[in-house]
Every structure is written in structure tokens, then in C-alpha cells.
Amino acid sequence: MNTIHGDITPLRNKILVKTMEKGEQITKGGLIIPDDDGQDRGIRPRWAEVYRIGKNIDFVKEGQWVLIEHGRWSRGFTIDDGKTKFDCRLIDNECIMGTSDEKPEDINV
């Protein structure tokens, strides 16, 4: 995984997210949806926190959580801002299914 040292700003209509939901999911009804990175099972939308937005984005804000259709994100890369290191991904903003101002309950990140 590539590492970017410092900060990064996406261009125009691009959105970068961090803290993407990982691991198995347990529904309120008790169903367990395993996570195998979409190879066989676990194909489902994922929540992620908006890290940075391009200047033409006006429908989400940095810090909001977005629900993204499965597989509509890039491979991850690491950002090292000098204080912390975290995984970041570019998402397809046409595939955002919903937003939340707070971290959704019961997600694994």
C-alpha cells in the first residue's frame, strides 16, 4: 500500500474517505454477514467517513459518514499526516446511497 506523507486535497468532484467499515456485519435480526472482501460473500454497501472533498462537492461535508454501494471505491492508500497514519480511498460519488452526520451504530471500523 502506498503512503502519502502530509495532506492531500482531491480535485473538483472527487471525494476521499477514511475509516471504511471492515469486518463481518451482524444485523439487528442476528444474521452474520462475513467479510471476505467481496470474493464470495460479504458483498454489501459500506459506511466510511468523509476525509476530504473537492471544491465542486456541495452535497456532503468533511466528517460526515456516507453509505457507498459495494465496490465503488479505489484500493486503499495510507496517509501519514505526521500525527497519525490511516487508510484512505477515493469513492465514486455517484454511488453514495445515504449520509449521516454521526457514526452509524454497530459498524466495524
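Residues numbered from 1 in each chain as written. Predicted model: local features only at pLDDT ≥ 70, side-chain atom pairs only at ≥ 80, totals over all residues. Heavy atoms only, no water.

The next point concerns the sheet that holds strand S5 (residues 46-53). The pairing of strands in a sheet comes from backbone hydrogen bonds and takes either a parallel or an antiparallel form. If you trace the seven strands from one edge of the open sheet to the other, you get S1-S7-S8-S2-S5-S6-S9, paired in mixed fashion. Looking along the sheet, the strands with just one partner apiece sit at the ends: strand S1 (3-5) and strand S9 (96-100). Across the sheet, the mean angle separating the axes of adjacent strands is 40 degrees when strand polarity is ignored. (Pairing = 2+ DSSP bridges. Helix = DSSP H or I, 4+ residues; strand = E, 2+ residues; numbered from the N terminus. Axes fitted to C-alpha atoms, helices over the stretch in contact; angles between N-to-C directions.)

Here we take up the packing of aromatic side chains. Overall, the coordinates contain one aromatic pair when judged by the stated rule. Judged by centre distance (5.0 Å) and plane angle (65 degrees), the ring pair of Tyr-51 and Phe-86 falls under edge-to-face. Taken together, the positions of Tyr-51 in strand S5 and Phe-86 in strand S8 (residues 85-91) put the pair 35 residues apart, joining distant regions of the chain. Against the face of Phe-86 rests Lys-18, its NZ or CZ located 4.9 Å from the ring centre. For the cation-ring pair, Arg-52 lies above Tyr-51, with the distance from its terminal atom to the ring centre recorded as 4.3 Å. (Phe/Tyr/Trp six-rings, centres within 6.5 Å; stacked < 30°, edge-to-face > 60°. Lys NZ or Arg CZ within 6 Å of the ring centre and 35° of its normal.)

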